[in-house]
Amino acid sequence: MPADPHVVAVLAVDGVVGFDLAIPCQVFGLARLPGGDYPYQVRVCGTEPSVEATAGGVTYYRIAAPHGLDAAEDAGTIVVPGMTYTRRPPPEVVDLLRSAAGRGARTVSICTGAFALAEAGLLAGRRATTHWAAAAELARRHPDVEVDADALYVGEGKVFTSAGVAAGLDLCLHLVRRDFGAAVAASAARAVVMAPTRDGDQAQFIPPPPLQTGDGSLSATLTWMRAQAAAPLTLADIARHANLSTRTLTRRFREQTGTTPLDWLARQRLQLARELLETTDLAVPVVAERSGHGSATALRAHFDRALRTSPQRYRQTFRQPGG
């Protein structure tokens, strides 16, 4: 280990997500310089000697933290893993983060750890991300934060936030790359059997919401639209099926789905394309035709805009074995 390793303090609070806590320990702990030295010293710092660790909001075990929060006071990087965000982070954690930011340390969150950074005021006026399922609550609780529910990770200055679980791996590898270069990051990625190249602006792959329509008056039309997603439907076609004027259709769509008929249809087409890429060997131009996009160029543009990736990269990531 170098004479002055970069100290990474990983905070363990009651309700910490066990997997999120392990991520920075693995990535920073396994990073090695070309000469074989370990450039980081990782410390797990607990608010208590033993804290509850969760997975999916359920407590399965406890973690005995080898250090107290005082061991984080000289850290160059402080990582806040995901935690139970329905309760506010401990005041001592908030104070520690404010103090760390004040002395120029790097502060990092994984998943819902972003709530602690926001509580400390470190995200005010900044763009940040968290797990997509918690993004609306983060925005509601901290309206001064520009919450990006799509990004895998976001960095502004010395403040970094990431989305759920695997995005924490992406962010930690990104930080190793910033600190010590691509070769060291690639070595750490190989050690954790992880691809080192996902960009922060790649979208979180959020599952489509269930088919819900408020009072249900558009249910039949929505079901029909989903079945006809590959067809060249117009607003007039949809209004005709619903037996409504285009103006009334648009108003009811807004009321019951929160979007317009053509935007809703575009989402169904994107979902159909995703399913075809995951489960078939169809060429991208054929996927584009069968999902209503018309051409491979249009499909690529839609994927880039909505998911910040390409159809081919999406297929490589989510291809189902035997599909």
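In what follows, the structure referred to is the one given above.
### Side note on the overall build of the protein chain
And then number 1: When you go through the protein chain residue by residue, the secondary structure sums to 13 helices and 12 strands.
And then number 2: Across the 323 residues that make up the protein chain, the buried fraction comes to 46%.
And then number 3: Within the protein chain, counting contacts between residues at least 6 apart in sequence, those at least 24 apart form 63% of the total.

### Here's the deal with a negative patch on the surface
And then number 1: A cluster of like negative charges, contributed by Asp14, Glu48, Glu92 and Asp95, occupies part of the molecular surface.
And then number 2: Classification of Glu48 as partly exposed rests on a relative accessible area of 42%.

### Structural notes on the sheet that holds strand 4 (residues 50–55)
Sheet strands line up and pair through hydrogen bonds in the backbone, either parallel or antiparallel.
And then number 1: Strands sit in the order 2-4-5 across an open sheet of 3 strands; the sheet is mixed. Every interior strand has two partners, whereas the edge strands, strand 2 (16–17) and strand 5 (58–64), have only one.
And then number 2: Bridge analysis of strand 2 against strand 4 gives 2 bridges, and the strand direction is parallel. The residue bridging Val16 from the neighbouring strand is Ala53, located in strand 4.

### Quick notes on the pattern of salt bridges
And then number 1: In this structure the tally under the stated criterion is 10 salt bridges.
And then number 2: A salt bridge links Arg88 to Glu119; the nearest nitrogen and oxygen atoms lie 2.9 Å apart. In this pair, Arg88 is assigned in the loop between strand 7 (77–80) and helix 2 (91–102) and Glu119 in helix 3 (residues 114–119), connecting sequence segments 31 residues apart.
And then number 3: With a relative accessible area of 23%, Glu119 lands in the partly exposed category.

### Re the nonpolar core
Taken as a class, soluble globular proteins show a tendency for nonpolar side chains to be buried jointly.
And then number 1: Formed by 35 residues in total, the largest nonpolar core has its most connected members in Leu21, Val27, Phe28, Val79 and Val176.
And then number 2: Elements with a contribution of two residues or more to this core: strand 1 (6–12), helix 1 (18–30), strand 3 (40–46), strand 4, helix 5 (166–180) and helix 6 (182–191).
And then number 3: Looking at which element gives the most residues to this core, the answer is helix 5, with 7 residues.
And then number 4: The residues contacting Leu21, other than those within four sequence positions of it, are Val10, Leu11, Ala12, Val16, Val44, Ile63 and Pro81.
And then number 5: Membership of the second largest hydrophobic core comes to 31 residues, among which are Cys45, Ala71, Ala128 and Leu138.

### Notes on the packing of helix 10 (residues 261–279) against helix 12 (residues 296–307)
And then number 1: It is at 11 Å that the axes of helix 10 and helix 12 come closest, and there the two elements cross at 105 degrees. Classed by the angle they form, the pair helix 10 and helix 12 counts as roughly perpendicular. Between helix 10 and helix 12, the residues in contact are Ala266, Leu270, Ala273, Arg274 and Leu277 and Leu299, His302, Phe303, Ala306 and Leu307, respectively.
And then number 2: Split by residue class, the contact of helix 10 with helix 12 holds 8 nonpolar, 1 polar and 1 charged.

### Observations concerning the side chain of Arg43
And then number 1: Relative to the elements of secondary structure, Arg43 occurs in strand 3.
And then number 2: Within the structure, the side chain of Arg43 is placed 2.8 Å from the side chain of Asp74, a separation counted as a polar contact.

### Details of the sheet that holds strand 1
And then number 1: Spatially, 6-3-1-7-8-12-11 is the arrangement adopted by the 7 strands of the open sheet, whose pairing is mixed. Only two strands of the sheet have a single partner each, and these edge strands are strand 6 (67–68) and strand 11 (153–156).
And then number 2: Strands in contact with helix 2 are strand 1, strand 7 and strand 8 (106–109); relative to strand 7, the strand with the most contacts, it is inclined by about 145 degrees.
And then number 3: Across the sheet, helix 5 lies against strand 3, strand 8, strand 11 and strand 12 (159–162), angled at about 150 degrees from strand 12, the strand it touches most.

### Remarks on the pairing of strand 7
And then number 1: The side-chain alternation of strand 7 yields two buried faces, one formed by Thr77 and Val79 and the other by Ile78 and Val80.
And then number 2: Across 4 bridges, the pairing between strand 7 and strand 8 is parallel. Bridging across to strand 8, Ile78 finds its partner in Thr107.
And then number 3: The parallel pair strand 7 and strand 8 is bridged by helix 2, and the resulting crossover is right-handed.

### Quick word on helix 10
And then number 1: Given a rise of 1.5 Å per residue, 19 residues ought to cover 27 Å, and the 27 Å separating the end C-alpha atoms of helix 10 matches this to within 8%.
And then number 2: Every buried residue belonging to helix 10 is among Pro261, Trp264, Leu265, Gln268, Arg269, Leu270, Gln271, Ala273, Arg274, Leu276, Leu277 and Glu278, and all of these are buried.

### A few points about the packing of aromatic side chains
And then number 1: Applying the stated criterion across every chain yields a total of 5 aromatic pairs.
And then number 2: Relative to Phe115, the ring of Tyr85 has its centre 4.8 Å away and its plane inclined at 20 degrees; by these criteria the two rings are stacked. Here Tyr85 is found in the loop between strand 7 and helix 2, whereas its partner Phe115 is found in helix 3, with 30 residues between them in sequence.
And then number 3: Taking the centre distance of 6.3 Å and the plane angle of 75 degrees together, the rings of Phe253 and Trp264 count as edge-to-face. Note that Phe253 is positioned in helix 9 (residues 246–257) and Trp264 in helix 10, a separation of 11 residues in sequence. Pair check on accessibility: Phe253 and Trp264 agree, each one buried.
And then number 4: Aromatic ring contacts, followed pair by pair, group Phe28, Tyr40 and Phe180 into a single cluster.

Cut-offs applied
Residues numbered from 1 in each chain as written. Predicted model: local features only at pLDDT ≥ 70, side-chain atom pairs only at ≥ 80, totals over all residues. Heavy atoms only, no water. Helix = DSSP H or I, 4+ residues; strand = E, 2+ residues; numbered from the N terminus. Buried < 20%, exposed > 50% of the residue type's maximum accessible area, 1.4 Å probe, protein only. Contact = heavy atoms within 4.5 Å. Patch = residues over 30% accessible without salt bridge, like charges linked within 9 Å, V, L, I, M, F, W, Y side chains within 5 Å. Areas by Shrake-Rupley, 256 points an atom, 1.4 Å probe, with all protein chains shown as cover. Salt bridge = Lys/Arg side-chain N within 4 Å of Asp/Glu carboxyl O. Lys, Arg positive; Asp, Glu negative; His and termini not counted. Charge placed at Lys NZ, Arg CZ, Asp CG, Glu CD. Pairing = 2+ DSSP bridges. Core = buried A, V, L, I, M, F, W, Y, C linked by side-chain atoms within 4.5 Å. Axes fitted to C-alpha atoms, helices over the stretch in contact; angles between N-to-C directions. Parallel < 35°, antiparallel > 145°, perpendicular 65-115°, else oblique. Nonpolar A, V, L, I, M, F, W, Y, C, P; charged D, E, K, R; others polar. Polar contact = N/O pair within 3.5 Å; in protein donor to acceptor, adjacent residues only side chain to side chain. Right-handed = clockwise from strand over helix to strand, strands pointing away. Expected span 1.5 Å × (residues − 1). Phe/Tyr/Trp six-rings, centres within 6.5 Å; stacked < 30°, edge-to-face > 60°.

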